[in-house]
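A structural walkthrough
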Amino acid sequence: MTLDKMRQTTFNKATLDQWEQVALKSLKGKTLESLKTKTLEEIILKPLYSIEDMANIPASQTTIIRKSKKSSEWLIAQMAEGSTSGAILKEIKDSLSKGNDVVHYKVEKEHTWSADQIEELATLLKDHTAILDVTNDPTFLTHFTDLQGLIKGAEDLELSNARTYFLNGSCIHQAGGDAISELASVLVQADALAQKTSVENLVKKGFVQFSIESNFFMEIAKIRAFRILWQAFGQAYGNSDIPVIPIHTEISLRSYSVLDANVNILRAGNSALAAVLGGADSLTTYPHDYLTGATPTSKRIARNMQLVLKEETHTQRVVDAAGGSYYIETLTNQLVEKTWKYFLTLMKEETLEDRQALLLERAAAKWNEQINAFSIRKKSLIGTNNYANPDDVNGVSIKQTEYKRLAEPFEQLRKSFEDSPLNTAIIPYGILKEYKARMDFVKGYLIALGISPIVAPENLKPFDLQKWINEQNIDYIVFVGNDEQTAGLVPALLNEKLSVPMDVAGKFEEYEDWLDSGLSGCIYAGQSLLEKGQQLLSLAKKEDLNDNA
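The following refers to the structure shown. (Residues numbered from 1 in each chain as written. Predicted model: local features only at pLDDT ≥ 70, side-chain atom pairs only at ≥ 80, totals over all residues. Heavy atoms only, no water.)

If you look at the biggest cluster of nonpolar residues, it comprises 68 residues, and the most contacted ones within it are Leu-167, Leu-202, Val-208, Phe-210, Phe-226, Trp-230 and Leu-335. The element contributing the most residues to this core is helix 9 (residues 216–236), with eleven residues. Excluding its chain neighbours within four sequence positions, the residues that come into contact with Leu-202 are Tyr-165, Leu-167, Ala-190, Leu-193, Ala-194, Thr-197, Trp-230, Phe-233 and Ile-245. Counting residues in each nonpolar core, the second largest holds 32 residues, with Phe-417, Leu-530, Leu-537 and Leu-539 among its members. (Core = buried A, V, L, I, M, F, W, Y, C linked by side-chain atoms within 4.5 Å. Buried < 20%, exposed > 50% of the residue type's maximum accessible area, 1.4 Å probe, protein only. Helix = DSSP H or I, 4+ residues; strand = E, 2+ residues; numbered from the N terminus. Contact = heavy atoms within 4.5 Å.)

What follows is the structure in structure tokens.
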């Protein structure tokens, strides 16, 4: 095809009806409704968004977001940590020399700073923005006269060039809350500060922090929604053109795992890009091995995530790159509407304590909802509840953080089975191609709990099976076969009264009868990993007690 002909080529405009017809064919009997999913925020996500979805979205939405972002740039704000003030100062200087933009540090009382170290730090703070947390020792600030940046834990101190009114969106996130809870929490805090001082002081001295999860599009929409909500908050206080306040973000540790920690690099990268596209003013990315002790290499990787985003993707050259997307604009608008409605509900409570209690109550419910989804593997945490590596072991020491982590109950189970092993075998019956998928499922299921099963020779007769169990010192077995083999052979094996508990792979109508005949339980898709893990752990510990006796 010639270039002229290519220029003259046109395509017929596709309609939503045409798309639906093609989609229905590919669904093979399922409905279009089956493609919709509900988020933690109870927002229904459609499989396709079009310009028609923009009809009810205020035309000013994108304009407000873009005007509230002063620059397309953001500050790389990696946190310095260390056991001594000397180590921290060294890390601050090293990080600044390698691309960090901010002096980011949490002050600890046990760190003793010498006069020379204070002077050196003061010199750095004259040339760089600070993000300091002085909650543990506000007196640390007396060493500095001209501090610029964001200061946590100094709300009652007078610092002329620093922002000290901290709106903490991370606290509800850390407790397990959803995006609506986080946004509403910030508005509640903003109202309390405005009542205590004034909106003018809040604007002058305020800044907000959000934790950014790996739920990519929701996190982009969350930051954008805050900019709309901030304008609405200003209007509620009679300020129709309220100035913006800085948005600091940090990568959420909610989905970080000690097991298969390298996957945390992917989670952090996903979250970092979401923060940038959402319009964060500064960003902290945690090293992938943060929970077990970061190394110079992992810190470098974490910092370089942002440097690569700046230098290789040019995202710092575009204000609100996500703006105009039918999906993200719709999601942003839904978050705004739901958050504002929830905020007004919270404000009906008389005291700040009552409002915060309701926020924590919602966060607890949302956390349980998330844990349940991961427990039944409706959602995956790669390397933890799915595709777990049996060779992974928990670290000797796991760093305690303020975050509730989705992987933590799985890590605890894995650690428990390291301490109390359960020698487990899969006993297959039938032809390999007929039972392999079920056997692979059982293997993956048990490994996620911390149990590495061995596979018995297939089609063992009861006498040979018992002999094999004795030789291998097996504590627990799982029968695996196709539906026909299972229905026919499980009752026969139960009649033999094997010396170890037996589960069956799959769900069957005869299950209750088999339980009466001595079956221990079953393993199937949609079953709670955590509940089953506790049952098997009780079995393992009971055997330990028998051995000790």
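Okay, the sheet that holds strand 17 (residues 521–523) next. Judged by pairing direction, the sheet is parallel, and its five strands sit side by side in the order 14-13-15-16-17 without closing on themselves. Strands at the two margins of the open sheet, each flanked by one partner only, are strand 14 (454–455) and strand 17. (Pairing = 2+ DSSP bridges.)

What follows deals with the sheet that holds strand 5 (residues 102–106). The five strands lie next to each other as 4-5-6-7-8, forming an open sheet whose pairing is parallel. Where the open sheet ends on each side, the last strands, each with one partner, are strand 4 (79–80) and strand 8 (162–163). Pairing of strand 7 (residues 149–152) with strand 8 involves two bridges; the strand directions are parallel. Bridged to Gly-149 within strand 8 is Ala-162. Contacts from helix 4 (residues 85–97) reach strand 4 and strand 5 within the one sheet, and its direction differs from that of strand 5 by about 155 degrees. (Axes fitted to C-alpha atoms, helices over the stretch in contact; angles between N-to-C directions.)

Our next topic: helix 15 (residues 432–449). In this model, helix 15 (18 residues) spans 25 Å end to end at C-alpha, consistent with the 26 Å of a helix rising 1.5 Å per residue. Taken as a whole, helix 15 carries its principal kink of about 25 degrees at Arg-438. For helix 15, every residue scored as buried is listed here: Tyr-435, Met-439, Val-442, Tyr-445, Leu-446, Ile-447, Ala-448 and Leu-449. (Expected span 1.5 Å × (residues − 1). Bend = angle between axes of the 7 residues up to and from the residue.)

In this section: the environment of Tyr-342. Residue position: Tyr-342 is located in helix 12 (residues 326–346). What makes Tyr-342 buried here is its relative accessible area of 15%. Residues Tyr-342 and Ser-181 lie 161 residues apart in sequence; the distance between their C-alpha atoms is 8.3 Å. Beyond its immediate sequence surroundings of up to four residues, Tyr-342 is in contact with Ile-180, Ala-184, Leu-358, Leu-359 and Arg-362.

With respect to the helices and strands, the residue Trp-113 is situated in the loop between strand 5 and helix 5 (115–127). Measuring from C-alpha to C-alpha, the distance between Trp-113 and Tyr-429 comes to 69 Å, with 316 residues separating the pair along the chain. If we ignore the near neighbours within four places in the chain, the residues touching Trp-113 are Ser-85, Ile-88, Leu-89, Tyr-105, Ile-118, Leu-121 and Phe-140.

This brings us to the pattern of salt bridges. As enumerated under the stated definition, the model contains 27 salt bridges in all. One salt bridge connects Arg-224 with Glu-329, and the closest N-O pair in it is separated by 3.1 Å. Here Glu-329 lies in helix 12 and Arg-224 lies in helix 9, a separation of 105 residues in the sequence. Grouping residues by exposure puts Arg-224 and Glu-329 together as buried. Across the salt bridge formed by Asp-419 and Lys-415, the nearest N and O atoms sit 3.2 Å from each other. With Asp-419 and Lys-415 both in helix 14 (residues 408–419) and four residues apart, the pair spans about one turn of that helix. Taking the relative accessible area as the measure of exposure, Asp-419 reaches 51% and is therefore exposed. Among the charged side chains, a network of salt bridges with common partners joins Arg-66, Arg-224, Asp-320 and Glu-329. (Salt bridge = Lys/Arg side-chain N within 4 Å of Asp/Glu carboxyl O.)

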